[in-house]
Structures are given as structure tokens and as C-alpha cells.
Amino acid sequence: MSHKVYITNQQHTVKVPSGLRILIRRSCHAVLEAEKFEGPAEISVTFVDNAEIQRLNKQYRNKDAATDVLSFPLGENNEYDINQETGASMLGDIVISMERAMEQAELYGHSLQREVAFLTVHSMFHLLGYDHENGGMEAVRMREKEEAALIQLGLPRTVSYSQVD
């Protein structure tokens, strides 16, 4: 099963550590595997700075603030557009503020790699249709699934970790 994860760096604020792209790919694969996703999938991941993620957040969510990650799912109700050339389901786009990820890693006292892996896993569940906006059971289930994926990656969530906004 070949999933494709396209990673683009559009920021120069934070140096992208070596091995981070591999970890992001592993994070995407772990979620797809856990969810028993059928057929090949395509995901795009873009690194931006705080100014750019704030612009996107305002444009698409009407929130004029920098955030850590934005998910742009392409599918609805488990229906995805298929890339005609590859036959892969196009799941959508993940946009990560490397600047904010660095700030949060320092705040929580863990590595940038771990922070970015968490944000990727979190976003992947959004691309697959999970939502935590309304809280309740769905938010709890999403957190449990994130936790399971991170454990599989060898990155269990630290106790001090607060929920992303």
C-alpha cells in the first residue's frame, strides 16, 4: 500500500530538523493503518510561519489568530476525490506553523519532532472526518485514537500536554 505524503517547507523561521519529514510520513501511515484505510491515499503537509497560518486561519475560519495546525479535508462522509493518475484518495492538506510548533515544544518541554508528530496525527484524524469542536464523546474518542497512534510511533503523550485549541 503506497500512501503519498507531499511535504513543502514555505517558511524560514525554524530550521526543519533532519528526519522530521520521515517522522511526518510515519505519523500519517500510523493513522491510516489504525483506521484501516482502504487503498492508497495522498496527503499534503506544508510548513508555514505564524503570520501565514494566522492569515489562513482568518481567511478560512474567521479567527484572526495564529494557531498551530490547520486541516483542510477534501473528503466528505468518507468519500474522497481520486487522483486519476495514481488512483489514490486525496485526503486533503495539513498546514503546520513551525514557529508555533517550536514555541509549544518549548512550553511543554518536549522535542519539536514530538510536537510536529502530534500535530500531524491530530490533523490526520480531521482529514478522516473526526471532529473535536463539539466536545463530548467524539472529542474523547479522537484523543484516545491520537494517543494510540503516538504510542505506536514510540511517542506517548506527556501528562502535562494540554489539548490543542
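## Let's talk about the confidence of the model for the protein
With 94% of its residues at a pLDDT of 70 or more, the protein shows a mean pLDDT of 91. When pLDDT is averaged over each helix and strand of the protein, the minimum, 91, is found for helix α5 (residues 136-152) and the maximum, 98, for strand β2 (residues 41-48).

## Observations regarding the sheet that holds strand β3 (residues 69-73)
Spatial ordering of the open sheet is given by β1-β2-β4-β3, a layout of four strands whose pairing is mixed. Two strands close off the open sheet at either side, each with one partner strand: β1 (4-9) and β3. Strand-to-strand, the axes of this sheet are offset by a mean angle of 15 degrees, without reference to chain direction. Pairing between β1 and β2: six bridges, direction parallel. Following the sheet pairing, lysine 4 is matched in β2 by glutamate 42. The sheet contacts of helix α2 (residues 50-61) involve β2, β3 and β4 (89-97), and relative to β3 the element is tilted by about 45 degrees. Contacts between helix α4 (residues 112-127) and the sheet are confined to β2, β3 and β4, with β4 contributing the most and set at about 145 degrees to the helix.

## Some words on the side chain of serine 44
In this structure, serine 44 sits in strand β2. Residues contacting serine 44, with those up to four places away along its chain left out, are Tyr6, Gly92, Asp93 and Ile94.

## Points about the pattern of salt bridges
Under the counting rule described, the total for this entry stands at two salt bridges. For glutamate 35, the salt bridge goes to lysine 145, with nearest N and O atoms at 2.9 Å. Highlighted residues: glutamate 35 in the loop between α1 (20-34) and β2 and lysine 145 in helix α5, separated in sequence by 110 residues. Note that glutamate 52 is salt-bridged to arginine 55, the shortest N-O span being 3.0 Å. On the criterion of helical spacing, the pair formed by glutamate 52 and arginine 55 is a turn pair, its members being three residues apart in helix α2. Arginine 55 sits in the partly exposed class, given a relative accessible area of 44%.

## A short note on unusual backbone geometry
Even without a glycine there, the phi angle at lysine 36 is positive, about 50 degrees. Relative to the helices and strands, lysine 36 is located in the loop between α1 and β2. Residue class for lysine 36 comes out exposed when judged on its relative accessible area of 65%. Positive phi is not limited to glycine here, since asparagine 62 has a value of about 60 degrees. The exposed category is assigned to asparagine 62, whose relative accessible area is 71%.

## Comments concerning α2
Between the first and last C-alpha of α2 there are 15 Å, a value that for 12 residues agrees with the 16 Å anticipated at 1.5 Å per step. Within α2 the residues assigned to the buried category are Asn50, Ile53, Leu56 and Asn57. Summarising the axial view, the buried residues of α2 lie within an arc of 125 degrees, below the 170-degree limit, and thus occupy one face. Against the buried residues of α2 lie β2, β3, β4 and α3 (98-108). Two residues or fewer after α2 comes asparagine 62, characterised by a positive phi angle close to 60 degrees.

## Observations concerning the packing of α3 against α4
Between α3 and α4, the least distance of the axes is 8 Å, while the angle of their chain directions is 115 degrees. For the element pair α3 and α4, the recorded crossing hand is right-handed. Two secondary-structure elements touch here, α3 through Met98, Ala101, Met102, Gln104, Ala105 and Tyr108 and α4 through Leu112, Glu115, Val116 and Leu119. Of the residues in the contact of α3 with α4, the class split is eight nonpolar, one polar and one charged.

What counts and what doesn't
- All residue numbers here refer to positions counted from 1 along the written sequence of the relevant chain.
- At least 70 in pLDDT is required for a residue's local features to be given in this predicted model, at least 80 for side-chain atom pairs to be given and counted, and no such filter applies to totals for whole chains, interfaces and linings, which use all residues.
- To obtain the side-chain values, all non-hydrogen atoms of the structure were used and water was disregarded.
- The predictor rates its confidence in each residue with pLDDT, a number between 0 and 100.
- Numbering of helices and strands runs from the N terminus; a helix is a DSSP stretch of H or I covering at least four residues, while a strand is a stretch of E covering at least two.
- Paired strands, in this sense, are two strands between which DSSP finds at least two bridges.
- Only the stretch in contact is used when fitting a helix axis, every axis being a line fitted to C-alpha atoms; angles between N-to-C directions are given from 0 to 180 degrees.
- Contact criterion: two residues are considered in contact whenever any of their non-hydrogen atoms come within 4.5 Å of each other.
- Each reported salt bridge corresponds to a side-chain nitrogen of Lys or Arg within 4 Å of a carboxyl oxygen of Asp or Glu.
- Under the scheme applied here, a residue whose accessible area is under 20% of the maximum for its type counts as buried, over 50% as exposed, and between as partly exposed, the area being computed with a 1.4 Å probe on protein chains only.
- Here, expected helix span is obtained from the residue count minus one, scaled by 1.5 Å.
- The directions considered for the arc are those from the helix axis to the C-beta atoms.
- Two helices crossing with the near one rotated counterclockwise from the far one by less than a right angle form a left-handed crossing, whereas a clockwise rotation gives a right-handed crossing.
- Throughout this entry, Asp, Glu, Lys and Arg are counted as charged residues, while Ala, Val, Leu, Ile, Met, Phe, Trp, Tyr, Cys and Pro are counted as nonpolar. The remaining residues, Gly among them, count as polar.

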